[in-house]
Each structure stands twice: as C-alpha cells, then as structure tokens.
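# A structural walkthrough
What follows is the residue order along each chain.
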Amino acid sequence: MRLPRRPRLLLPVVIALVVLVALFFLFAGIFTDYLWFDSIGFTSVFSGVLLTEIMLFVVGALLMVAIVGGNMMLAHRTRPMFGPAMFGGSSGADRYRMALDPHRRLIFLIGMGVLALFSGSSLAGQWSTWLQFVNGAPFGETDPLFNMDKSFFMFTFPFLRMVLTFLFTAVVVSAVMAAIVHYLYGGFRLQSPGVHATRAARAHLSVLLGVFVLLKAIAYWIDRYGLVFSDRGFRDGASYTDVSAVLPAKTILAIIALICAGLFFAGVVRKGGMLPGVAFGLLVLSAVLIGGVYPSLVEQFQVRPNQQAREAPYIQRNIDATRKAFGIDTAKVTDYNAQGDPSKVDVNSDSSISGVRLLDPTLVSKTYQQKQRIRGFYDFPDQLDVDRYPDASGKERDTVVAVRELTGPPPEQDNWINRHLVYTHGYGIVAAPGNEVDSEGLPDFDAKDMPVTGDLAQRTGLKQPRIYFGESSSTEYVIAGGSTTRTKQELDYPLSAGASGQQNTTYDGKGGVPVGSFFNRLLYATKYGEINMLLSGDINPRSQILYVRNPRDRIEKVAPFLQMDANPYPAIVDGRVVWIVDGYTTSDNYPYSQSKSLGDMVRDTATDTRAIPQQPRDEINYIRNSVKATVDAYDGTVTLYAWDDKDPVLRTWRNAFPGIVKPASAMSQDLRSHLRYPEDLFKVQRDMLSQYHIVDPGAFYSGQDFWNVPNDPSLRDGDVKQPPYYLSVKMPGATEPTFSLTTTFVPREGPNLAAFMSVSATPGQDYGTLRILRMPSNTAIPGPGQVQNNFTNKFSGELNLLGLGNAQIRYGNLLTLPFAGGLVYIEPVYVQTTAASGQEPYPILRRVLVSYGNKVGSADSLDDALEQVFGESAAQAPPPEGAPVTSGETTNNATANVLASTIDEAQQAYADAQTALAASPPDWVKYGEAQQRLRAALDKLKATEPASAATTAPTAAPTPSPSATPSAPASPSSTPAPSPASSS
C-alpha cells in the first residue's frame, strides 16, 4: 500500500531535519572542543589527533568498502546467465532474491555505509598505534631473543597486528558476503549429493580462502615476535617451550600455510574440490599437531620435570627486563642490622627525628574542614597533601597543605545563576607544619582564613588565592568574568560583617572560552542542553565559560598519551597557587617484562580514601615518570615539562606533537623546589621490588625471599596495604634529613620487618635513588603490625581513658625511620570528639607513641616521648630477674605501679557508672557513687602521674546529685558523659 502524497513528501523533509540536527550536535561537540584547546594553546594536539582519526577513518572505510563491496559486485557480475535453473530448478533462495532484487542498490549502499562507519571508527580508534608507528624513537637496546631494537616491539609490532586484524576482518566479511550473493543468484546450491557451484563461484571463493590462508601465513610469521610477551612459562616472556617448540612450530606453520594458500589458488584453474580440501585438511592438522600437541609434549615431558633448570635463563631475562622497564634496576640494597640500643643513643647529638611529621594527612582532613571550612559550601579533600616550605629561619620542613574548594551553593539557593555564575571558585590555601600542633592539639596553621593570613602566606608572597580549577569542582562549568566593576557578581569570600555579607569579584584570567557572541552561546547551550545560556542577561562579551576544571582531567585532555598520577597536589609557586601533577608514559609491549595491573599495584588505604577511578590502560609492563605538569589554579594554564627526556616513549610522542612539552630547564626554581617523587610510581616500584629485588633466577624461582607490603596497622579490620609516606628521613650515611617517600616490607609469610625502602623525593643529584635497607634474616625485627599491637597493649589503659564518653581513639600513620643503627617507630594518636553542639567530629592530636629497640614511650609531644625512650628518666623495661635495682629504678617502678592501679580504678568506676545508667530504671544512687570514685581516681592520677600525662586525663562530667529524688531524674541520654580535657 502506497502512502498518501503529503506524507510521502514530508518523510524526506523529516529525515533531512533529523540529519541536520544530528550534524549540528556533532559540529557543536567538535567545535567547542577546538575552542577549548585554543583557549589554552594546545590546538596542535586537537588538530593532530583529529586529522589522524579522520585519515584512519577514511582509509579504513574506503578499504573495507572496496574489498567487501568489490567482492560482492564481482559475485553479482559472475552470476550464471540462466540463474538457478542451471542446477535443476528453483530453491528457497529464489524467494529472497525476488524480494531483494528491486531494492538491490539501496540495500547495497546502506550496507556499505554501515560497514564503512564501523570499520572506519574501529581504525580511527587506533590513532595512537599509528602515531607511535610513524614517530617511533629507537631504544638503543635489543631484545635477547631476536636481537631487534625494542622499539620494534613497542611501536611496530602493535601496528602490524592492527593491520593484520583489519585485513582478516575484510577477507572474512568478503567471503561471507560473496557466498551469499553467489547463493542468491544461483552461483552454487546446497543439494544432494553435495554442493553444486559454477566455475566462477568456485574460483572466486577459492581465491578468497587462499588470501585468508596467505594472511594466516603472514600472521604465523609475525606471531613469532609476539613470543616475547608469552605468559606460558614461569614468568612473562618467551619460555623454554616457546623458544624450543613454539618458535620453530610457527616457522613451520607459516611455510605450510603458504603451501596451502597455493593449493587454494590452484583450485581456480583445477576443477573439483580436492585441492582446496587437501589444503584445508593439511592446515588444520598441522595447526593441531605442530602448533598445539608438540609444544604441549615439550612442556609436559621436558620442562615440568626440571622446570627450574630449564627456565633459569628465561627467568633471568624476565628479571633483567622487568627491573629495567620499571626503573628499579638501579635500586641500592644494603644489609641493615637494625639492632639499635636505646641506652647508647644520644638524641641531642642527632636531632633528625625530632622534626618528624606528626600530622596524618588523612585524619587531619576533618580537622581542616572544621577549623578552616568557614562556610558549609567550602570543603577540603579527604586526603591532604604533604609538601615542604621554609620556616622563618629558612629551613625547609614538611607541611600539610590543602586548598579551600567550592562545593556549590547551599541547597536552598541552588539555582542555575548561583550554581554557574555566582559560586564560581574556591578561595585560599591552608597549610600547617607537619611536626607541630598548638596547645589544643590542633594544626598550627601558618596559612589560613579568608583573606589568607599567616607567616607562610607572607613568606611565599601569595598574590592570587582564588581557586577556579581544582579537584573538587562539583559544577561541570561556570561562566565567569562577565560582571562589571560596579556590579561584581561572583562570590569571592564571605564577610563576618557588612551589609552584603560577602566580598564579590570578577574573573579576569585567560582560562576560559569567550561566550559573548551568540554563536558561541548557541554552541555551548547545545553542548550542555541549557537554554539559560541564550536567555541570561548576565552573560555579555566579557564572559568566559570555564570547564574541564579538574587538573588531572585537564592535563589528560591536552596530553592523551600520558597516564596521570592519581594525586595532584597544590603548591604556592611564584606567588600563585598551582597544581602539580606527575605524568607517566606506560606500555604493555616491553619485551620480556612482567605485566601487571596498574590499579592493583597502586591500591592502598590512601587510594581507597581518594576513591581513584579505574585506570584506562590498566595492564602495564613499562612505566616512566616522563612529564611534570602544572595547572594554574586561577587561569587554568597547562604547562608540560619533559622530566625524563631520555624516555623513548616520550620522544616518540614529542615527535608526534612537537612543541607541546617544554624542556625541564624551563622550570622556575620555585617550581622545582616543590617537585617530589611521584606517589603512584613509587607504589608500582615497591610492588615490583617485593619480588624483583631478587636477581638470581634460582632464588627467584623458589620465592622464599619474596616480600609483601604490610597491611595498614592503623586499621583494625581490613586487608588493605599501608600507603607510603612523605617525610624527611636521614638515611644511614647521610649528613642531613632529606624529604623522601618511604615504605616497609614484611616477609611473604610472617609479620616481621623484612626491609625498609625510601627514595629521595627532592630534585637534585640524589633524586629518584631507591634505597633498600634489608633486615637480617636470622633476627626477628618487629614489623608495623607487631609494633602497633605492642603500642595498643602497652598503653591500652592510658588510651582507653582518652576514649571515654563520646571520644574515639584514632591511630595516625605509623612512621618507620632508620635511626642510630636501629629503627624507630613513631605514631600520633588522635582523639576524635564532638567539641560543640551540631559540629561534626574531628580528630585532635593527644598522644605520640615511640618505639625503639625494646623501649616504648607515650607522651603529649614527640620530644617527651623520645625522652622517655632515650633519656635517663624514661620508663625502663622490666629488669632481668635477680638484677640489682637502684633507688631511682625503685621509684620509677613504684610510680608505674600506682599509675596502673589508679587507671584500673578509674576504668572500673566508669564501667560501674555506665551499668547504673543502663539499668531500668537508672540507679542514680550507684551512678553518683561511681562518679565520686571516678573523680577521686582522676584526682589521684593527677597527683601521681607526670605532668605530661596528667594534663590529658579526662575530667568527670557533671553528675546528678546523689540525693536527687527519683521522681525527677535526668534521662540517661541527656546526662553528660565524661569527656577528655584539652592538653596543655
């Protein structure tokens, strides 16, 4: 039934409108991308990638259409003159042919269009493979199996596999489509007693099958080089079986495939199906016997009975390649006795540990939020960052830093104008020295408030504290800079007084795309589906739209060939706040190197806290910290610096995109002083070094000396690795502490300490040197978990008192440092409690725990705790049975006994009070008596305990009078519980 005339006329119009709208949306997406790249000066990346994608799309589409379409047209042209009748009558194919024939050309064009779209898109997605192939830089190193430059495996081999995959797809699709056309038009029939085909159809399909087998011969030959990535053996790389059996097998199979291809081609001139049948049978049989059975027999009867000896040379190749690929081949391993005697250590002569960072960047995030958030629409990240800044004397010290970012307008004011035009940016940087707290146990901020005040802000000359680009930008885009001088619209920071209650500003940076013109506003209104962009009178010729504001996302967009570190960190550089991000060049094509999941290697308690998304290129066997990148927090300027200009992968990408990566010499000295060794790279290297510190293949095979990264001891439950820590460490033989990144290892079986590793994180001659202190295997050195248990058991009574009432004990990062021939463990202990009504809990530093050798100490400050461990007045370990006891030791022991007894009395009194409250109805008489006993115990504790401990003792809460009548008791929920007092 034909449609009426009017609908038939409207249908093409509707289709045209749909196509035009779709094309406009496509154009809006592409052109706004160009505008974004143009606004930050990286149009060469945009044009380079886009032109490469277009070229590959066109080539892929044309080749696929030419190959498949040409074979279909050839099949149609060689159809039999008399059609199906030549094989004896009609068949089921006649119905399909009669239905399709009137629309043959339209169906052909639509089919070729869909095929071109899919094949072109697939090939365009391989733009990075093509660019690395044509721009590949040599490594200057050869692989041990084929003696070819490693650049062949990194850049050429992936391209050859891509081409073969494309050609295989084209030939298979061509064979299927040609067979369908031959069948529809009578070229062959499936009839008893067999297949009946015309000579043209048989020749055509024989040629296609011959081409397929010829490609298979080429693939067999190319696959030989892929053996360097084999996972058949004990470790990645060509194993004994691969070299002895698979390599010659693939060579033989390539030759057999060539012969079989010739037999298929011979089927063109020889009638019958014998030659193609023989070729097919020979190909399958040889693939099974030579390619499958023979290597399996070699593996089973030659390798497995003596695997260690057979695989030793190939394990050595894997060890050497992996250490080279992950940059751990220069790690320095030294034996370290770690048997320090605290009685022989003079802390005053070596003050390297007295300035150790105590603030835990994870725990004090809540404290930063409560003390420096100022307003509810500002926030700090869950994981703060550690940098270093000079103090008043010019000496650098570890500093915990964060920027105050904007989360968006309050819910009751959340509308389009506020969200995108008023609440546009965060404000200020907040910093505190890592080794100090104030009298209340809080961070001693030296950069704080709005406007920013503090000694650090003055010393660094901070001129621009506004944060338009940051990690926590919840709004996808903001439109800034459109306000006039008289009517500034953007919230700068709230005021404590004044009619307006806020200070406003107008953005004058260069980090956005101008949206003053109607055309640009139309494009972005289309991109974000927001009509207000076209209607708002607040957008004018001065307005700019700022988007892609996360520093990590911003760099990944301008440098798509880089894998970014998961933890950008802010720094004050030349008077401005900039984000510093480490960029990696990674690959999974380094010959003989062990491949592993990047996400698994970097995952620990710190990454879980930051909720890092899965990395896009997860399996890697090569990594270099090739680029240091910065993003200006105010104007979004992205700058890339070549940190490892010898990296062949980076040189390849610099050939592809010349000029976008500046030399490292272009860095300012101020920026260089804030660079640090990247965290994710260190995590990857420690993961690999847990096994690849062993260089002997026999010992590696046995695996007896493999290590593990210990679980985070601050977590009572959970199987999550302890993160590495930034802190200043004085390594054995060094004269001064160096800002470093540190971690520990434990044996694969057991909680003892196996090794300590650090890397100098400060740019200079020693930067990036991995140093491992290996513990003696015949002596049990306590590991982090054991030290944590020792702390908990030793000071459980004291710490439980800190946790009375609503307080919660939070253990900070357990730091491990080499010191005076031994190892010192330092751990801050926080009390997290609600200090005011309606305020969220936040941690306050209340104790510092120290362990060295057989001594432990606990005090309000690090110096006091060190004094306990190393000083004469320290609490001594119990003397050996029968040893003489001096009067001073007797006094100390007596004091310790009194303290322990008093703490037990206080705990029992508190427990009795809680039991009285839990009774139904509450027993207020017993509650009052218990409170009196608690008060007496605390008073006794203050009189007996040293001053440093007494100041942290909890005070009893106000209690109901014991004589209160039962008719009007206070409810248990409203009765204040004991809470810890502030430390002095």
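Heads up: the structure comes first, above all this text.
What counts, and where the lines are drawn
- Counting of residues starts from 1 at the beginning of each chain's written sequence and follows it residue by residue.
- The predicted nature of this model means local features are confined to residues of pLDDT at least 70 and side-chain atom pairs, given and counted, to a pLDDT of 80 or more, with totals for whole chains, interfaces and linings taken over all residues.
- Only hydrogens and water are removed before side-chain values are computed, so all heavy atoms of the structure are retained for them.
- Counting from the N terminus, the helices are the DSSP runs of H or I reaching at least four residues and the strands are the DSSP runs of E reaching at least two.
- Only protein chains enter the calculation, and the probe is 1.4 Å; a residue is then buried if its accessible area is under 20% of its type maximum, exposed if over 50%, and partly exposed in between.
- By the convention used here, residues are in contact when the closest approach between their heavy atoms is within 4.5 Å.
- Per-residue accessibility takes into account occlusion by the displayed protein chains alone, with areas from the Shrake-Rupley method and a 1.4 Å probe.
- Axis lines are fitted to C-alpha atoms, over the contacting stretch for helices. Their N-to-C directions set the angle, which ranges from 0 to 180 degrees.
- Orientation categories follow fixed angle ranges, with anything under 35 degrees roughly parallel, anything over 145 roughly antiparallel, 65 to 115 roughly perpendicular, and all other angles oblique.
- When residue character is reported, Ala, Val, Leu, Ile, Met, Phe, Trp, Tyr, Cys and Pro are called nonpolar, Asp, Glu, Lys and Arg charged, and the others, Gly included, polar.
- By this rule, a helix spans an expected 1.5 Å times one less than how many residues it contains.
- Here the bend at each residue means the angle between axes fitted to two seven-residue stretches, the one ending at that residue and the one beginning there.
- We call Phe, Tyr and Trp rings a pair once their centres come within 6.5 Å, taking the six-membered ring for Trp, and we label the pair stacked below 30 degrees between planes, edge-to-face above 60, and tilted otherwise.
- Any Lys NZ or Arg CZ that is within 6 Å of a ring centre and within 35 degrees of that ring's normal is treated as a charge sitting over the ring.
- One requirement defines pairing of two strands: DSSP has to find at least two bridges between them.
- Among buried residues, the Ala, Val, Leu, Ile, Met, Phe, Trp, Tyr and Cys ones that are joined through side-chain atoms within 4.5 Å form a nonpolar core.
- The working definition used for a salt bridge is a side-chain nitrogen of Lys or Arg within 4 Å of a carboxyl oxygen of Asp or Glu.
- Any N or O atom pair separated by 3.5 Å or less is treated as a polar contact, with the protein-specific requirement of one donor-capable and one acceptor-capable atom, and with residues adjacent in sequence counted only for side-chain atom pairs.
- Patch rule: a residue counts if its relative accessible area is over 30% and it has no salt bridge; like charges are joined within 9 Å, and nonpolar side chains (Val, Leu, Ile, Met, Phe, Trp, Tyr) within 5 Å.

Another point: the overall build of the chain. Secondary structure summary: the chain contains 28 helices and 33 strands in total. Per-residue burial for the chain yields a buried fraction of 50% across its 984 residues. Considering only contacts in the chain between residues 6 or more positions apart, those separated by 24 or more positions represent 69%. Looking at the chain as shown, the accessible area adds up to about 43900 Å², and 56% of this sits on carbon and sulfur atoms.

With that out of the way, let us pick up the packing of helix α2 (residues 43-77) against helix α5 (residues 127-135). One way to put it is that α2 packs onto α5 with a least axis distance of 10 Å and a crossing angle of 100°. The angle between α2 and α5 falls in the class roughly perpendicular. Contact residues: Val49, Thr52, Glu53, Met55 and Leu56 in α2; Trp127, Trp130 and Leu131 in α5. Per-class residue counts for the contact of α2 with α5 are 6 nonpolar, 1 polar and 1 charged.

With 19 residues, helix α10 (residues 307-325) should cover 27 Å at 1.5 Å per step; its first-to-last C-alpha distance of 25 Å lies within 8% of that length. Remark: the principal bend of α10, roughly 45°, maps to Pro313. If you follow the buried residues of α10, they end up packed against α8 (240-266), α9 (274-303), β21 (622-632), α21 (679-692) and α22 (697-702). Looking at the residues trailing α10, positive phi occurs at Gly327, about 70°.

A few words now on the packing of aromatic side chains. In the structure shown here, the tally under the stated rule is 48 aromatic pairs. Members of the aromatic cluster, connected to one another through ring pairs, are Phe27, Phe31, Tyr34, Trp36, Phe37, Phe46 and Phe519. One Lys or Arg, Arg224, reaches over the ring of Trp221 and ends 3.9 Å from the middle of that ring. One cation-aromatic arrangement involves Lys527 over Tyr528; the distance from NZ or CZ to the ring centre is 5.8 Å.

Another aspect to go through is the sheet that holds strand β15 (residues 544-547). A sheet is described by the order of its strands in space; here 3 strands give the open sequence β11-β15-β14, paired in antiparallel fashion. Of all the strands in the sheet, the pair left with one neighbour each is β11 (477-480) and β14 (513-514). Relative to β15, helix α14 (residues 518-528) is tilted by about 30°, and along the sheet it contacts β11, β14 and β15.

As a further point, take the nonpolar core. For soluble globular proteins, nonpolar side chains are generally found buried alongside one another. One finds Ile545 and Leu640 to be the most contacted residues of the largest nonpolar core, which totals 163 residues. Element by element, the count of residues in this core is highest for helix α6 (residues 150-184), at 16 residues. Within the second largest apolar cluster, 57 residues are counted, among which are Val345, Val347, Tyr811 and Val850.

What follows covers the environment of Val268. On the secondary structure map, Val268 appears in the loop between α8 and α9. It is 4.3 Å that separates the C-alpha atoms of Val268 and Ala203, two residues lying 65 residues apart in sequence. Not counting chain neighbours up to four residues away, the residues in contact with Val268 comprise Arg199, Ala203, Ser206 and Val207.

This part is about the sheet that holds strand β9 (residues 429-433). Adjacent strands of a sheet pair through backbone hydrogen bonds, lying either parallel or antiparallel. Read across the open sheet, the 3 strands follow the order β5-β6-β9; overall the sheet is antiparallel. Each edge of the open sheet carries a strand with a single partner, namely β5 (385-390) and β9. Each neighbouring strand pair of the sheet contributes to a mean axis angle of 40°, computed without reference to strand direction. Here 6 bridges tie β5 to strand β6 (residues 396-403), and the two strands are oriented antiparallel to one another. For Val386, the partnering residue across the bridge sits in β6 and is Val400.

A few words now on the pattern of salt bridges. Scanning the entire structure with this criterion turns up 24 salt bridges. In this structure, the salt-bridge partner of Arg576 is Asp635, at a minimum N-O distance of 3.6 Å. Here Asp635 lies in the loop between β21 and β22 (638-642) and Arg576 lies in strand β18 (residues 576-587), a separation of 59 residues in the sequence. As a salt-bridge pair, Asp860 and Arg847 come within 2.7 Å of each other at their nearest N and O atoms. Residue Asp860 is found in the loop between β33 (855-859) and α25 (862-870), and its partner Arg847 is found in strand β32 (residues 842-852); the two are separated by 13 residues along the sequence. One connected set of salt bridges, linked through shared partners, spans Arg397, Glu436, Asp446 and Arg459.

Secondary-structure assignment places Ser230 in the loop between α7 (199-223) and α8. Here the side chain of Ser230 touches Arg232 through a polar contact of 3.1 Å, landing on its backbone nitrogen. Other than its neighbours up to four places away in sequence, Ser230 contacts Arg235, Asp236, Gly237 and Asp242.

What follows is about a nonpolar patch on the surface. Together, Leu11, Val13, Ile15, Leu17, Val19, Leu20, Leu23, Leu26 and Ile30 make up a nonpolar patch on the protein surface, roughly 820 Å² of accessible area in all. Following the sequence through the fold, Leu26 ends up in helix α1 (residues 5-39).

For the peptide bond that leads from Met450 to Pro451, omega is -5°, which places it in the cis range. With respect to the helices and strands, Pro451 occurs in the loop between β9 and α13 (455-460). In this structure, Asn147 is a non-glycine residue whose phi angle is positive, near 55°. Along the chain, Asn147 falls in the loop between α5 and α6. Residues other than glycine seldom take positive phi values, yet Val548 does so here, at roughly 50°. For Val548, a relative accessible area of 22% puts it in the partly exposed group.

Right, let's talk about the pairing of strand β27 (residues 755-760) for a bit. The buried fraction of β27 is high, at 6 of 6 residues. Of the two faces of β27, the one lined by Ala755, Met757 and Val759 and the one lined by Phe756, Ser758 and Ser760 are each fully buried. The sheet contact formed by strand β26 (residues 738-747) and β27 spans 6 bridges and is antiparallel. The partner of Thr743 across the bridge, within β27, is Met757. When β27 meets strand β28 (residues 770-774), the two strands line up antiparallel, connected through 5 bridges. Along β28, the bridge assignment pairs Ser758 with Arg771.

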